[in-house]
Amino acid sequence: MSNLKNAFLAAAMIAAGASSASAADYEFKLHHFLGEKAPAHTQMLVPWAKQVEENSGGKVHIEIYPAMTLGGRPPELINQVRDGVVDLVWTVNGYTPGLFPRTEVFELPGIHTNDPAATNQALMDLYETDLKDEYKGVEVMFLHVHAGQAIHMRDTEVHSPADLAGKKIRIPTRTGAWVIEALGASPVAMPVPELPPALQKGVIDGAFIPWEIIPPLKIQEQTEYQIEGVDKERFGTTTFQVSMNQERWNGLPEDIQKAFRDASGPEWIVKVGEIWAASDDFGIGLATKAGNTHVTLTEEETEAFRQALAPVADRWVEEVSAKGIDGAALVEKARAAVASHSAN
């Protein structure tokens, strides 16, 4: 069935690309799960692709297919690129639980707090030494996080962990699920495109997602409250990757590889963090203009969440240690790397 699905997907790609052929020497298809109006598409993926094309002197053309246009569901993206069904993907690591255990350290509460640019740089710092081995079958262009998990509620104003007790909360990753459980709520896993109807129908009471997703999914129409910690502190984050099929990468000449690498370097990683932070500011502004209540927790209220969430890192360390990973060391390295870039 998997081979049959891939055959249909390949045929769809050929049909979709037939009308958009360019004169470039190297054609690539980049597949992702959000719509073409999402900031991730318009402000990150499109500019990145154009920069690669420019770096290549016109030898490269990247066609971007948003909203799973080429078929499948978001959790299938990593296998689509590993199998060579598509050339490139942008995907959430946590859509395939347990596949990227080392990278999960950056999702833990207390590692990422409120600076996506700093966390992106920390991801780059640890990639070669600690993370690379879990990305077999792909060549990572860049890793990044979003601005962090904030709380969106249908009709419940939250000021303490107790306010979430018994609530059904959506989260995209297993580390996020542990956050929800530590707060006494019930985690509900689903890809983010499925969130609006789930909120509207009351399947879930809320979600842990950043503000940037509010405009493309019109979350302000299904919620009344948006809650975050003091100084924009968040409760963990989500890791993403833009990756290429390994065989496709290995077959590229050095100048074309360089075009991709130069577009994905340290300056770009910082820019991605700034893009997501600015998109978050725009998203919460849209929600408040629509009449929603933006709750910023006090220092004391935020500390109560910190205390409730402290065991999540310990749970993660125990989980990955069973797989032969020194989780405690990774936590310290990740925390130190984020702190060093935050200080700068």
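Everything here concerns the structure above.
The numbering scheme is per chain: residues are counted from 1 as the chain's sequence reads. The model is predicted, so local features are restricted to residues of pLDDT at least 70 and side-chain atom pairs to those at 80 or more, both for listing and for counting; the totals for chains, interfaces and linings are taken over all residues. Each side-chain value is worked out from all heavy atoms of the structure, with water and hydrogens disregarded.

Notes on the layout of surface pockets
Within this model, the largest pocket holds a volume of roughly 270 Å³. As for the largest pocket, its lining consists of 15 residues, of which M124, Y127, V140, M141 and R261 are closest to the centre. Runs of H or I in DSSP of at least four residues are treated as helices and runs of E of at least two as strands, each being numbered from the N terminus. Going through the elements one at a time, α4 (116-131) and β4 (138-145) are the ones with two or more residues in the lining of the largest pocket. Within the lining of the largest pocket, the residues separate by chemical class into eight nonpolar, three polar and four charged. Using a 1 Å grid laid over the protein atoms alone, points where a 1.4 Å probe fits but cannot get out form a cavity; open sets with protein on both sides within 12 Å along at least 5 of 7 lines form a pocket; any residue with an atom within 4 Å of a point counts as lining. Grid points are joined across faces, edges and corners, and a volume is the space filled by probe spheres set on the points. Charged residues are taken to be Asp, Glu, Lys and Arg, nonpolar residues to be Ala, Val, Leu, Ile, Met, Phe, Trp, Tyr, Cys and Pro, and polar residues to be all remaining types, Gly included.

Let's talk about the pairing of strand β5 (residues 150-153)
Buried means the residue's accessible area, taken with a 1.4 Å probe over protein chains only, is under 20% of the maximum for its type, while exposed means over 50%, and partly exposed covers the values in between. Here β5 shows two buried faces, one formed by A150 and H152 and the other by I151 and M153. Pairing of β5 with strand β8 (residues 206-209), which is carried by four bridges, proceeds in the antiparallel orientation. Across the sheet, the residue bridging to I151 is F208, located in β8. The pairing criterion is simple: DSSP has to find at least two bridges between the two strands. As defined by bridge partners, β5 adjoins strand β9 (residues 225-228) across three bridges and the pair is classed as antiparallel. Each residue of the ladder has a partner; that of I151, found in β9, is I227.

Concerning the nonpolar core
Buried Ala, Val, Leu, Ile, Met, Phe, Trp, Tyr and Cys residues form a nonpolar core when they are joined through side-chain atoms within 4.5 Å. W48, I62, W90 and F260 are the most contacted members of the largest nonpolar core, which totals 104 residues. Beyond its immediate chain neighbours, meaning those up to four positions away, F260 contacts F28, W48, V52, V60, I62, L88, M141, M244, W249 and L252. By definition in these notes, contact holds between two residues if any of their heavy atoms fall within 4.5 Å.

A short note on the sheet that holds strand β7 (residues 186-189)
If you trace the six strands from one edge of the open sheet to the other, you get β7-β6-β8-β5-β9-β11, paired in mixed fashion. Since the sheet does not close on itself, it has two edges, and those belong to β7 and β11 (293-296), each with one partner. On average, adjacent strands in this sheet sit at an angle of 25 degrees to one another, irrespective of strand direction. Fitting a line to C-alpha atoms yields each axis, with helices limited to the stretch in contact; the angle taken between N-to-C directions then spans 0 to 180 degrees.

Points about the pattern of salt bridges
Any carboxyl oxygen of Asp or Glu within 4 Å of a side-chain nitrogen of Lys or Arg constitutes a salt bridge here. Evaluation of the coordinates by the stated rule reveals 19 salt bridges. One salt bridge in this structure joins D205 and K168, with 3.9 Å as the shortest N-O distance. Placement of D205 in the loop between α6 (195-200) and β8 and of K168 in strand β6 (residues 168-171) is noted, with a sequence separation of 37 residues between them. E228 is the salt-bridge partner of R234, the closest N and O atoms lying 3.0 Å from each other.

Quick word on the sheet that holds β4
One open sheet accounts for five strands, arranged β2-β1-β3-β10-β4; its pairing is mixed. Of all the strands in the sheet, the pair left with one neighbour each is β2 (60-65) and β4. In this sheet, neighbouring strand axes are inclined to one another by 20 degrees on average, regardless of whether the strands run parallel or antiparallel. Two strands pair when backbone bridges link them, and strand β1 (residues 26-31) and β2 are joined in this way by six bridges, in the parallel orientation.

Some thoughts on helix α9 (residues 254-263)
Those residues of α9 that sit buried are I256, Q257, A259, F260 and A263. Within α9, the buried residues cover an arc of 150 degrees as seen down the axis, which keeps them to one side. What the arc measures is the spread of directions leading from the helix axis to the C-beta atoms.

Quick look at empty space enclosed by the protein
Throughout the structure, instances matching the rule amount to four cavities of 30 Å³ or more. Computed from the structure, the largest cavity encloses a volume of approximately 130 Å³. H146, V192, P210, E212 and F240 are, among the 16 residues lining the largest cavity, the residues nearest its centre.

Regarding the packing of aromatic side chains
The aromatic pairing rule takes the rings of Phe, Tyr and Trp, using the six-membered ring of Trp, and pairs them if the centres are within 6.5 Å, calling planes under 30 degrees apart stacked, those over 60 edge-to-face and the rest tilted. Using the criterion set out here, one finds 14 aromatic pairs in the structure. Both rings, one in F142 and one in W268, keep their centres 6.0 Å apart while their planes meet at 85 degrees; by these two values the pair is edge-to-face. With a gap of 126 residues between them, F142 in strand β4 and W268 in helix α10 (residues 266-289) connect regions that are remote in the sequence. Of the two residues, F142 and W268, both sit in the buried class. Each residue in the set F28, W48, F142, W249, F260 and W268 is aromatic and connected to the rest through ring pairs, giving one cluster. The criterion is that NZ of a Lys, or CZ of an Arg, lies within 6 Å of the ring centre and within 35 degrees of the ring normal, and then a charge sits over that ring. Lying across the ring of F28, R248 places its NZ or CZ 4.1 Å from the centre.

In short, geometric facts, not functional conclusions.
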